[in-house]
Amino acid sequence: MIHQRDTTTTNRKIIHVDMDAFYASVEQRDDPALRGQPVAVGGSSRRGVVAAASYEARKFGVRSAMPSVTAKRQCPALIFVPPRFEVYREVSQQIRAIFRDYADEVEPLSLDEAYLDVSADKAGLGSATATARLIRARIREETGLTASAGVSYNKFIAKLASDQNKPDGLTVIPPGRGAAFVQTLSIRRFHGIGPVTAAKMEGLGIFSGADLAAKDPFWLAEHFGNSAEWLHNLARGIDHRRVKSNRPLKSLGGERTFFNDLVTDTEIREALAHVCTVVWDRAAKKGARGRTVTLKLRYADFKTITRAKSVPSPILDGNSLLAAGEAILAPLLPTEQGIRLLGVTLSKFEGEEEEDEAPAPADLLSLI
């Protein structure tokens, strides 16, 4: 059943702040020689991957998660810089301290973006738009970096709006204009709709928010099952999720990219054991006890697969985590081509309850 819009959610005032090319911008800030240059944060070797790209590099089509060799081919003048995650975390803490001056409810999504619920007008500025302007000005003054912001009455539209006028932009979508704004956009811009679902939608003739809004609930249910109500609401600018400052950990994992492809069963199993050891180390420190293990493999041709296994009771030690990982891996061996990346994620933690929002991003640590 498709529920009608809850008008109380239009009284919320939500800001989504997204730093502009965060990692690359920090590098350009700290090294004047990089300013105005196409910069990629990541490894430059033939096994390297771009973690972030400056706007100068993006003009050449360089994007995060792109193999470094491809990025260099598209932009021969590209300058690679190794990541400095400790610096990015320090800057992120500076930015979050600014957020807390204006909102009690702050929900970080990653080091470089967060939702703020400013409905209470904590700083007494009179409007969410004025608050967003001051936050952006303080970020620029105190960190030397720029941020884009979206202001609206719910999280979904605020996030879309923050991306509308990047970099260094501010977009405000007031109540009453959300549906019209959403319906002008490509469904590939919709947060929560991944490439596979987007391709399926396009195959069914849905390319924009307007195309999605034109589909009735029964048609959506027939083609998208339990996601029908969620999609129906998105196309109308409806999102009931709250900004939650204490987001529960949903998953925790690690992955490793290898300089040389792993080919033999022994090499792959040894790599799995190493990654599981690191993941369990982190899980133990956080006191996280999960029931679902997900294995991620990326082959030499960059094809990536994931396989998951759930167990009846929480995993209590590293050996149990490895045993679950090996049970997933076994049917995938031997492999016809080499493995360039292997990752393990632990999820479905003890005490986890169903919530009124999409799953939080995995707390994933790169082991490169």
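In this text, all values refer to a predicted model and were calculated from it rather than measured experimentally. (Residues numbered from 1 in each chain as written. Predicted model: local features only at pLDDT ≥ 70, side-chain atom pairs only at ≥ 80, totals over all residues. Heavy atoms only, no water.)

## Quick word on the pairing of strand E7 (residues 147–152)
Each regular strand carries side chains that alternate between the two faces of the sheet. Of all six residues making up E7, six are buried, and the element is well covered by its neighbours. Both faces of E7 are covered, namely the face carrying Ala147, Ala149 and Val151 and the face carrying Ser148, Gly150 and Ser152. Two strands pair when backbone bridges link them, and strand E1 (residues 14–19) and E7 are joined in this way by six bridges, in the antiparallel orientation. Bridged to methionine 19 within E7 is alanine 147. Two strands pair when backbone bridges link them, and E7 and strand E8 (residues 170–172) are joined in this way by three bridges, in the parallel orientation. Looking at E8, one finds that valine 151 is bridged to valine 172. (Buried < 20%, exposed > 50% of the residue type's maximum accessible area, 1.4 Å probe, protein only. Helix = DSSP H or I, 4+ residues; strand = E, 2+ residues; numbered from the N terminus. Pairing = 2+ DSSP bridges.)

## A closer look at the packing of aromatic side chains
Inspection of every chain in the model, using the stated rule, returns seven aromatic pairs. Where tyrosine 23 meets phenylalanine 85, the ring centres are 5.6 Å apart and the plane angle is 85°; that geometry is what we call edge-to-face. Within this pair, whereas tyrosine 23 is found in helix H1 (residues 22–30), its partner phenylalanine 85 is found in helix H4 (residues 85–100), the two being separated by 62 residues in sequence. Arranged with centres 4.3 Å apart and planes meeting at 10°, the rings of tyrosine 23 and tyrosine 88 form a pair that is stacked. Taken together, the residues span a long stretch of sequence, with tyrosine 23 in helix H1 and tyrosine 88 in helix H4 at a distance of 65 residues. Exposure remark for tyrosine 23: the relative accessible area of 19% places this residue in the buried category. One aromatic cluster is present, built from ring pairs that chain together Phe22, Tyr23, Phe85 and Tyr88. In this arrangement the basic side chain of arginine 58 is found over the ring face of tyrosine 55, its NZ or CZ atom lying 4.5 Å from the centre. Positioned above the aromatic ring of tryptophan 219 is the side chain of lysine 215, whose terminal nitrogen or guanidinium carbon lies 4.6 Å from the ring centre. (Phe/Tyr/Trp six-rings, centres within 6.5 Å; stacked < 30°, edge-to-face > 60°. Lys NZ or Arg CZ within 6 Å of the ring centre and 35° of its normal.)

## Let's talk about the pairing of strand E2 (residues 39–42)
A two-sided burial pattern is seen for E2, the buried positions comprising Val39 and Val41 on one face and Ala40 and Gly42 on the other. Two strands pair when backbone bridges link them, and E2 and strand E4 (residues 79–81) are joined in this way by three bridges, in the parallel orientation. The residue of E4 that forms the bridge with valine 41 is valine 81. Of the strand pairs in this sheet, E2 and strand E3 (residues 50–53) are connected by three bridges, and their pairing is antiparallel. Bridge pairing links alanine 40 to alanine 53 in E3.

## Things to note about unusual backbone geometry
Geometrically, the link from lysine 166 to proline 167 is a cis peptide bond, its omega value of -5° lying close to zero. Examined against the element boundaries, proline 167 turns out to sit in the loop between helix H6 (155–162) and E8. Put simply, leucine 333 and proline 334 share a cis peptide bond, and its omega is -5°. Within the element layout of this structure, proline 334 appears in the loop between helix H13 (318–329) and strand E12 (339–349).

## Overview of the packing of helix H12 (residues 265–286) against H13
For the pair H12 and H13, the least separation of the axes is 9 Å and the interaxial angle reads 140°. Here H12 lies oblique to H13, going by the angle between them. With respect to the hand of their crossing, H12 and H13 are arranged in right-handed fashion. Between H12 and H13, the residues in contact are Ile268, Arg269, Leu272, Ala273, Cys276, Val279 and Trp280 and Gly318, Leu321, Leu322, Gly325, Glu326 and Leu329, respectively. Counted by class, the contact of H12 with H13 contains nine nonpolar, two polar and two charged residues. (Axes fitted to C-alpha atoms, helices over the stretch in contact; angles between N-to-C directions. Parallel < 35°, antiparallel > 145°, perpendicular 65-115°, else oblique. Left-handed = near helix turned anticlockwise from the far one by under 90°. Contact = heavy atoms within 4.5 Å. Nonpolar A, V, L, I, M, F, W, Y, C, P; charged D, E, K, R; others polar.)

## What about the nonpolar core?
By size, the foremost hydrophobic cluster in this structure holds 32 residues, and its most contacted members are Ile15, Val17, Phe22, Phe99, Leu116, Ile135 and Ile139. Breaking this core down by element, the ones donating at least two residues are E1, H1, E2, H4, strand E6 (113–117), helix H5 (128–143) and E7. Top contributing element to this core by residue count: H4, with six residues. Once you skip the residues sitting within four places of it in the chain, isoleucine 15 turns out to touch Ala114, Tyr115, Leu116, Val118, Ala128, Thr131, Ala132, Ile135, Ala149, Gly150, Val151 and Ala158. (Core = buried A, V, L, I, M, F, W, Y, C linked by side-chain atoms within 4.5 Å.)

## A few points about the sheet that holds E7
For sheets, the rule is that strands pair by backbone hydrogen bonds, running either parallel or antiparallel. Pairing is mixed in the open sheet, where five strands are placed in the order E5-E6-E1-E7-E8. This sheet does not close on itself; its edge strands, each paired only once, are strand E5 (105–110) and E8. Averaged over all pairs of adjacent strands, the angle between their axes in this sheet comes to 15°, without regard to strand direction. In the packing of H5 onto the sheet, the strands contacted are E1, E6, E7 and E8, and the crossing angle to E7 comes to about 170°.

## Here we look at the sheet that holds E3
The strand order across the open sheet built from three strands is E3-E2-E4, with neighbouring strands paired in mixed fashion. On the outer flanks of this sheet lie E3 and E4, each paired with one strand and no other. For this sheet the average axis-to-axis angle between neighbouring strands, irrespective of direction, equals 30°. Against the sheet, H1 makes contact with E2, E3 and E4, and its axis sits at roughly 110° relative to E2, the strand it touches most.

## What about the packing of H1 against H4?
Close contact between H1 and H4 brings their axes to 10 Å; oriented N to C, the two are set at 100°. In terms of axis orientation, H1 runs roughly perpendicular to H4. Contacts between H1 and H4 involve Phe22, Tyr23, Val26, Glu27, Arg29 and Asp30 from the first element and Phe85, Val87, Tyr88, Val91, Ser92 and Ile95 from the second. Taken together, the residues that form the contact of H1 with H4 break down as eight nonpolar, one polar and three charged.

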